[in-house]
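Summary of the model geometry
Here's the letter readout for the chains.
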Amino acid sequence: MMIVRLGMAWATVAAFAVFGGGWLGGLDAPLVAAGLFAWLFSVILWSAFGVVHEAEELADRLGEPYGTLILTLSIVVIEVALVAAVMLGAKAAPTLGRDTMFAVIMIVMNGLVGLGLILGGLRHHRQNYNLDGASAYLAAIIPLTTIALILPNFTTSTPDGSLTALQAVAFSVLTVVLYGIFLLLQTGRHSDFFTDFVAPGATVEKKAPHPDAGRGAILRHAGLLLASLLPIVLLSKSLAAILDHGIKALGAPSALGGVIIAAIVFTPEGISAVKAIRRDQLQRAINLCLGAVTSTVGLTVPAVLGIGLISGQRVVLGLAPAEMAVLAMTLLLSVITFSRQGTTVLEGAVHLVVFLTYLTLIFSP
């Protein structure tokens, strides 16, 4: 399956390298545009599944939190590549970075968390996790999202949710520093925060080493991960051109572009998180979901602002008032949900309602 997936992905890269200019020049024909979009969307999504598969193979060999960290960083690379391609191609997408980050937060922290907790609650009634890890994630997510998506609306230097050059540089540096400190905590002295919860006095069952955990196997899967990741990056420019044309032609909300990018990026990871919850591995699901949000905001903000500074484009990060209210509600609910041991169906239902509210606001702001 991996050979077929890689063959299809790289064949598509070759086809668009040779014929892409002519194909993209015929987007005014609706059937051509729809066919190219379906082709690229399918190949990129299938390749993303390959990235997730190889990251999970590495996770089995390296253990937590390193495996999940590799997966979330790989997914963020895909996201940044798609956002950068649209920004540099369209030259008129000042809110795309904001819309994509907000879509990721809503999809992950409300959609995936809500669906996962409902399925897990129905199957396992009450699931436990490591409270210290969830608290650490939220301690990073709250300031990262507030600085990136809310604070720009309250600065007096600019009136439209954008940032001055000084603010863009300062916010990028602060975001990277905070995310770097979090990574040091996650992979250093507090790595136990992100492993399965163990009740006081309980016996810890040591996990047997993976039968194929040698250096050669790790390098092989790392190589396959990169081979699956590169076609996505190379095809992102073509998909961005079609996506930008389609949104304008259909008169769709600009925020829909961010939702589509977020869906492409996080569908495979979301499926992995739901499977983990159904297997009663809530800690792994939390690492995937909250880790994805932390990495997304921590790395997308400096990337988007950097692209804006280099290309001279205006970047708008501040959310609209209704979106700020939904984000504040999401953060508050997440603190409540992950502030005590054990989750139930109720928490899942509440998060899912907030996600459906977000979807409604996209088409009826």
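The structure contained in this document is the topic of the report that follows.

Each value, and the rule that gives it
Residues numbered from 1 in each chain as written. Predicted model: local features only at pLDDT ≥ 70, side-chain atom pairs only at ≥ 80, totals over all residues. Heavy atoms only, no water. Bend = angle between axes of the 7 residues up to and from the residue. Helix = DSSP H or I, 4+ residues; strand = E, 2+ residues; numbered from the N terminus. Buried < 20%, exposed > 50% of the residue type's maximum accessible area, 1.4 Å probe, protein only. Salt bridge = Lys/Arg side-chain N within 4 Å of Asp/Glu carboxyl O. Expected span 1.5 Å × (residues − 1). Axes fitted to C-alpha atoms, helices over the stretch in contact; angles between N-to-C directions. Parallel < 35°, antiparallel > 145°, perpendicular 65-115°, else oblique. Left-handed = near helix turned anticlockwise from the far one by under 90°. Contact = heavy atoms within 4.5 Å. Nonpolar A, V, L, I, M, F, W, Y, C, P; charged D, E, K, R; others polar. Patch = residues over 30% accessible without salt bridge, like charges linked within 9 Å, V, L, I, M, F, W, Y side chains within 5 Å. Areas by Shrake-Rupley, 256 points an atom, 1.4 Å probe, with all protein chains shown as cover. Phe/Tyr/Trp six-rings, centres within 6.5 Å; stacked < 30°, edge-to-face > 60°.

As a further point, take helix 8 (residues 255-278). Side chains that are three or four residues apart share a direction in an α-helix, a result of its 3.6 residues per turn. Taken as a whole, helix 8 carries its principal kink of about 50° at F266; the proline P268 stands between one and four residues after it. Taking burial as the measure, the 24 residues of helix 8 include 18 buried ones, the bulk of the element. At the C-terminal side of helix 8, D280 shows a positive phi close to 65°.

One pass over the structure, following the stated rule, counts three salt bridges. A salt bridge links R98 to D99; the nearest nitrogen and oxygen atoms lie 3.2 Å apart. Each member of the pair, R98 as well as D99, carries the same accessibility label: buried.

On to helix 7 (residues 215-250). An ideal rise of 1.5 Å per residue puts 52 Å on 36 residues; helix 7 measures up with 51 Å between its terminal C-alpha atoms. At S236, helix 7 shows its maximal bend, which comes to roughly 40°. Remark: G251 follows helix 7 within two positions and exhibits a positive phi of approximately 65°.

Moving on, we get to the packing of helix 1 (residues 2-24) against helix 7. Following both chains from N to C, one finds helix 1 and helix 7 inclined at 30°, their axes separated by 10 Å at the closest point. Considering the angle they form, helix 1 stands roughly parallel to helix 7. The handedness of the crossing between helix 1 and helix 7 is left-handed. Residues M2, L6, A9, W10, T12, V13, F16 and L24 of helix 1 form the contact with helix 7, whose participating residues are L224, A227, S228, L230, P231, L234, L235, S238 and I242. Of the residues in the contact of helix 1 with helix 7, the class split is 14 nonpolar, three polar and no charged.

Here Y66 is to be found in helix 3 (residues 66-90). Here the alpha-carbon distance between Y66 and F194, two residues 128 residues apart in the chain, equals 9.9 Å.

Let us look at a nonpolar patch on the surface. Residues V169, V173, V177, I181 and L309 make up a contiguous nonpolar surface patch of roughly 430 Å² in combined accessible area. The dominant element in the nonpolar patch, judged by the number of residues it contributes, is helix 6 (residues 165-187), at four residues. Here I181 lies in helix 6.

Moving on, we come to the packing of aromatic side chains. As enumerated under the stated definition, the model contains eight aromatic pairs in all. For the pair F102 and Y358, a centre-to-centre distance of 5.3 Å together with 90° between the ring planes defines the contact as edge-to-face. Within this pair, whereas F102 is found in helix 4 (residues 96-124), its partner Y358 is found in helix 11 (residues 345-363), the two being separated by 256 residues in sequence. Of the residues examined, F102 reaches a relative accessible area of 3% and is grouped as buried. For Y358, a relative accessible area of 5% puts it in the buried group. Grouped by ring-pair contacts, the aromatic residues F16, F19, W23 and W39 constitute a single cluster.

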